[in-house]
Amino acid sequence: MKGTIENRDAFLRHIADRLHHTTGERAVTPEWAHQPQWDVYKGYSKDQLISVMKKACESIHTKIYETDSAHLPESLEKAIEDYGSSSVVATHDDRFSQFGLEDVMKKNHVHIWDVSEGRRNIEIAAQANIGLSICDVMLAESATAGLFNDKDKARSVSLLPITSIVIVPGSLIVPRITQAMQMVEERVRDGEEISTYINFISGPSNSADIEMRLVVGVHGPVKVAYIVVEDL
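Note that the structure is a prediction, hence the values are computed from the model and not measured.

K.L.:
Just to check I follow, could you spell out the overall build of the chain for this structure?
P.N.:
Secondary structure summary: the chain contains eight helices and twelve strands in total. The principal-axis extent of the C-alpha atoms belonging to the chain is close to 60 × 50 × 45 Å. Excluding contacts between residues fewer than 6 apart, the proportion of contacts in the chain whose partners are at least 24 apart in sequence is 73%. Looking at the chain as shown, the accessible area adds up to about 14,500 Å², and 51% of this sits on carbon and sulfur atoms. A distance of 4 Å separates the average location of the 24 positive side-chain charges in the chain from that of its 34 negative side-chain charges.

Shown next as structure tokens:
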């Protein structure tokens, strides 16, 4: 159903008035005197960041595979075998081809997200055993995969299957969300068109709301694995 918004402009003018702002005025980011967020893991090498990421994976029940570009197809094949290759769905991402993964995906009859098929994609993802994605940034501090979702890189692929396998290019590992947000801001400032929907995922979904007992796979994948590939 389509609704209507009543008195929106008047309401926003009232809010701006109370804040002593001019309607349409852009907010200015303050320059804080102390910015300790930039000092966390400052100067860490890529290997050190991967070590931080591995440690974080222990607490979020996430397995890590490590490989290089030449052996990525073998590593992906092993990960798919480890988690059961009965049905696999993947995002429509050119990087799968760039990493030379087409043969592995064909061999495992991977369904590639096709926006022209509409809701059928969601139905396939909901029944899939494995969802394959490639992250756009990885936060070492919390082992959090950042996915810039769009019509081709749909969030259903990482959300609906039983297992989510995320390929992590080593060049995209940053210390924490501080650097990830800086990256987004720089792209916006440069006029680059970026995703309007960014997901940050830290391992399988879980909850400990009831008597502090951890339950994994509450509203998302039951298992998550990262394949860290040395791409640079």
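K.L.:
Can you help me understand the packing of aromatic side chains in this one?
P.N.:
For any two aromatic rings, the description comes down to two numbers: the centre-to-centre distance and the angle of the planes. With the rule as written, the count across this model stands at one aromatic pair. Plain terms: the ring middles of tyrosine 41 and tyrosine 44 are 5.2 Å apart, the flat faces sit at 65° to each other, and that makes the pair edge-to-face. With a relative accessible area of 24%, tyrosine 41 lands in the partly exposed category. A relative accessible area of 39% places tyrosine 44 in the partly exposed class.

K.L.:
Mind showing me how you'd approach the pairing of strand β6 (residues 144–149) here?
P.N.:
A regular strand places its side chains on the two faces of the sheet in alternate fashion. With six of six residues buried, β6 is to be regarded as a mostly interior element. Residues Thr144, Gly146 and Phe148 point to one face of β6 and Ala145, Leu147 and Asn149 to the other, with burial holding for every one of them. Looking at chain direction, strand β5 (residues 137–139) and β6 are connected through three bridges and run antiparallel. Paired with valine 137 across the strands is glycine 146, a residue of β6. In this structure, the hairpin formed by β5 and β6 is closed by a connection of four residues, where alanine 143 is found at a positive phi of approximately 50°. In this structure, β6 lies alongside strand β9 (residues 197–201), joined through five bridges in antiparallel fashion. Following the sheet pairing, leucine 147 is matched in β9 by asparagine 199.

K.L.:
Help me understand the sheet that holds strand β7 (residues 163–169), please; the structure alone is not making it clear to me.
P.N.:
Backbone-to-backbone hydrogen bonds join strands into a sheet, with any given pair of strands oriented parallel or antiparallel. Sheet architecture is open: six strands sit in the order β1-β12-β7-β4-β2-β3, paired in parallel fashion. Each of the sheet's edge strands pairs with one partner strand only, and the pair in question is β1 (62–68) and β3 (111–112). Alignment of β7 against strand β12 (residues 223–230), held across seven bridges, turns out to be parallel. When the bridges of β12 are listed, isoleucine 167 appears paired with isoleucine 227. Here helix α3 (residues 72–83) sits on the sheet and contacts β1, β2 (88–90), β4 (130–134), β7 and β12; the angle it forms with β1, its principal contact strand, is near 155°.

K.L.:
Quick question: what am I supposed to make of the sheet that holds strand β8 (residues 173–174) here?
P.N.:
As summarised here, the arrangement of the four strands in space is β8-β5-β6-β9, forming an open sheet in which the pairing is mixed. Each edge of the sheet is formed by a strand with only one pairing partner; in this case those strands are β8 and β9. Pairing of β5 with β8 involves two bridges; the strand directions are parallel. Directly across from leucine 139, in β8, lies its bridge partner valine 174.

Criteria and cut-off values
- Residues numbered from 1 in each chain as written.
- Predicted model: local features only at pLDDT ≥ 70, side-chain atom pairs only at ≥ 80, totals over all residues.
- Heavy atoms only, no water.
- Helix = DSSP H or I, 4+ residues; strand = E, 2+ residues; numbered from the N terminus.
- Contact = heavy atoms within 4.5 Å.
- Areas by Shrake-Rupley, 256 points an atom, 1.4 Å probe, with all protein chains shown as cover.
- Lys, Arg positive; Asp, Glu negative; His and termini not counted.
- Charge placed at Lys NZ, Arg CZ, Asp CG, Glu CD.
- Phe/Tyr/Trp six-rings, centres within 6.5 Å; stacked < 30°, edge-to-face > 60°.
- Buried < 20%, exposed > 50% of the residue type's maximum accessible area, 1.4 Å probe, protein only.
- Pairing = 2+ DSSP bridges.
- Axes fitted to C-alpha atoms, helices over the stretch in contact; angles between N-to-C directions.

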